[in-house]
Amino acid sequence: MSFMKLLLYNSLNRRKEEFIPTQKQQVGLYTCGPTVYNFAHIGNLRTYIFEDILKRVLLYNGYRVKHVMNITDVGHLTGDRDMGEDKMEKGAAREGRSAWEIAEFYTRAFKADIARLNIIEPDIWVKATDTIEDQITLIQTLEEKGYTYQTGDGIYFDTSKFADYTKLSHQNIESLQEGARVEKNPEKRNPTDFALWKFSPKDVRRQMEWNSPWGIGFPGWHIECSAMSMKFLDNQLDIHCGGTDHIDVHHTNEIAQSEAATGKKFFNFWMHGAFLIIAGGKKMAKSEENFLTLENAFVKAGINPLVYRFAAFQTHYRKPMEYSSESVQAARNGLQHLQNQVRQVTQGAAGRTAAVNEAFKSKFLAEINDDLSMPRAMAVVQEMLKSTMADAEKLATILSFDTVLGLELDQVDKTGALPPAVQKLFEDRQAARSAKDWTASDRLRDAIQELGYTVQDTKEGMKIIKN
Ligand code: AMP
Ligand code: ZN
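Residues numbered from 1 in each chain as written. Chains lettered and ligands numbered in written order. Predicted model: local features only at pLDDT ≥ 70, side-chain atom pairs only at ≥ 80, totals over all residues. Heavy atoms only, no water.

1. Considerations on unusual backbone geometry
The condition that has to hold: The helix count covers DSSP runs of H or I at least four residues long, the strand count covers runs of E at least two residues long, and both are numbered beginning at the N terminus. Accessible area is worked out with a 1.4 Å probe on protein chains only. A residue is then buried under 20% of its type maximum, exposed over 50%, and partly exposed in between.
Phi at Phe267 is positive, roughly 60°, even though this residue is not glycine. Inspection of the secondary structure puts Phe267 in the loop between α7 (247-262) and β11 (269-273). Positive phi outside glycine occurs at Lys436, with the angle close to 55°. With relative accessibility at 60%, the residue Lys436 sits in the exposed group.

Right, here's the structure in full:
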């Protein structure tokens, strides 16, 4: 266990707070997952990278983490106010496939994307369609407690009955109601009320529909996350995450319905990642169809997807991150530089092992524990690699940091290993220099040069670069 405080920004109280889990050593983490009607765009993926860093920081602090992620495969309507089409059915119509096929296809694509970004998979994946019964039970509890009412198209949650509806969004309820008027459903008692269960249209057979005590239909979008987090994280509702767009509606509604049902606090920490924006300040969104996928922007362009992961570390997760071809190029150079540095310290260590440097580890921990300050943590990485420490110690330390960074730096040596003959000359030259035998050192330099490598003697030690 680390004894350094872990501070996380809690959107609920709008400040950094010391993180203390409900159970001593295990953290319950719930991250809202993808709606699988299309590929994830790299904006969505920025949020998942932020959540992965959070999880790795928790692990680095010595906690065990139980991580649950949902897959929204039904009931997420195109409008935020329970109007519009179901995104899944819309996706199915667009592609001439069934909604179930669409869900399966894009779930697989999503899992492939996060694997390429070296994001650690959740311990539990749950599809909304696999927990319909739990969702119905939760709606029944709300009904018994008097929080629901029925309209022509579904069962709704009455937000006026939940005292602290805006405690997460901190919005002024009048301005909220003003905003909601645009997409007004005349049967709603309050503009902020939301659907728990929607009825299937009378004369249409939906592809995804279920029996319920209120008739055939499908669940509203928000109820799945409440039902799943309570089912799998029960008495360890520690941290709940998503993008900032979830604050005003999705997470606000999750809190209202969960706390109304249980009478208890629902999650202690709420954390939100800021948007990826494209030049001009516009956010990347699936509905805008302006989106870039990892496949198109990176894989097909011959760029290692970890470049995007590295790029995400340059901006704090609560600040908007601007995406451009220049920022990708800068990240590409940055990652390559880091890989070269690791390659060089690996060569310099020449198989020797050392312990992690505690002073640098504390410095690194102080940054990541200050609300996941990755830009500053990356500065510590550079300071450490440029220090006068022995290569073996640098190597041990960077590999320890990489359990948080997730840049696969332990693979670097394998991909850029020196040929054995060069490695042997390199080691001989290191020995010659330690023995201050400058003649042998010069001779070995020339021998290395003949094999197509250049030796550089820097104040951080000997480096070898392929010509
Ligand atoms: P969705 O699949 O649309 O439900 O979104 C998946 C996740 O991505 C959610 O946590 C959203 O808040 C987040 N998100 C959506 N758009 C962006 C964006 N442009 N930048 C960062 N995160 C986003
Ligand atoms: Zn959710």
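Here the narrative resumes.
2. Re the pairing of strand β4 (residues 64-71)
Two faces, one strand: in a regular strand the side chains alternate between the faces of the sheet. Operational definition: The pairing criterion is simple: DSSP has to find at least two bridges between the two strands. Look down the strands so they point away from you; if the path from the first strand over the helix to the second goes clockwise, the crossover is right-handed.
Across the eight residues that make up β4, a large majority, six, are buried. With six bridges joining them, strand β3 (residues 26-31) and β4 adopt parallel strand pairing. Pairing of Gln26 across the sheet is with Arg64, part of β4. The handedness of the β3 to β4 crossover, carried by helix α1 (residues 42-60), is right-handed. Relative to strand β5 (residues 124-127), β4 is paired through four bridges, and the arrangement is parallel. The residue bridging Val68 from the neighbouring strand is Ile124, located in β5.

3. Comments concerning the packing of aromatic side chains
Heads up, the rule is: Aromatic rings from Phe, Tyr and Trp, taking only the six-membered ring of Trp, are treated as a pair when their centres fall within 6.5 Å; an angle between ring planes under 30 degrees marks them as stacked, one over 60 as edge-to-face, and anything in between as tilted. Each ring is checked for a lysine NZ or an arginine CZ that lies within 6 Å of its centre and within 35 degrees of its normal; such an atom marks a charge sitting over the ring.
Per the counting criterion, the structure on display carries 19 aromatic pairs. Residues Phe39 and Phe105 carry aromatic rings whose centres are separated by 6.0 Å and whose planes lie at 70° to one another, so their mutual orientation is edge-to-face. Here Phe39 is found in the loop between β3 and α1, whereas its partner Phe105 is found in helix α3 (residues 99-116), with 66 residues between them in sequence. Taking the relative accessible area as the measure of exposure, Phe105 reaches 34% and is therefore partly exposed. Here Tyr149 and Tyr156 contribute two aromatic rings whose centre-to-centre distance is 6.1 Å and whose plane-to-plane angle is 25°, an arrangement assigned as stacked. By relative accessible area, which is 0% here, Tyr156 ends up buried. Following the ring pairs from residue to residue traces out a cluster consisting of Phe19, Tyr63 and Phe269. It is Arg318 that lies over the ring of Tyr9; its NZ or CZ is 3.9 Å from the centre. Taking the ring centre of Tyr60 as reference, the NZ or CZ of Lys361 above it sits at 5.2 Å.

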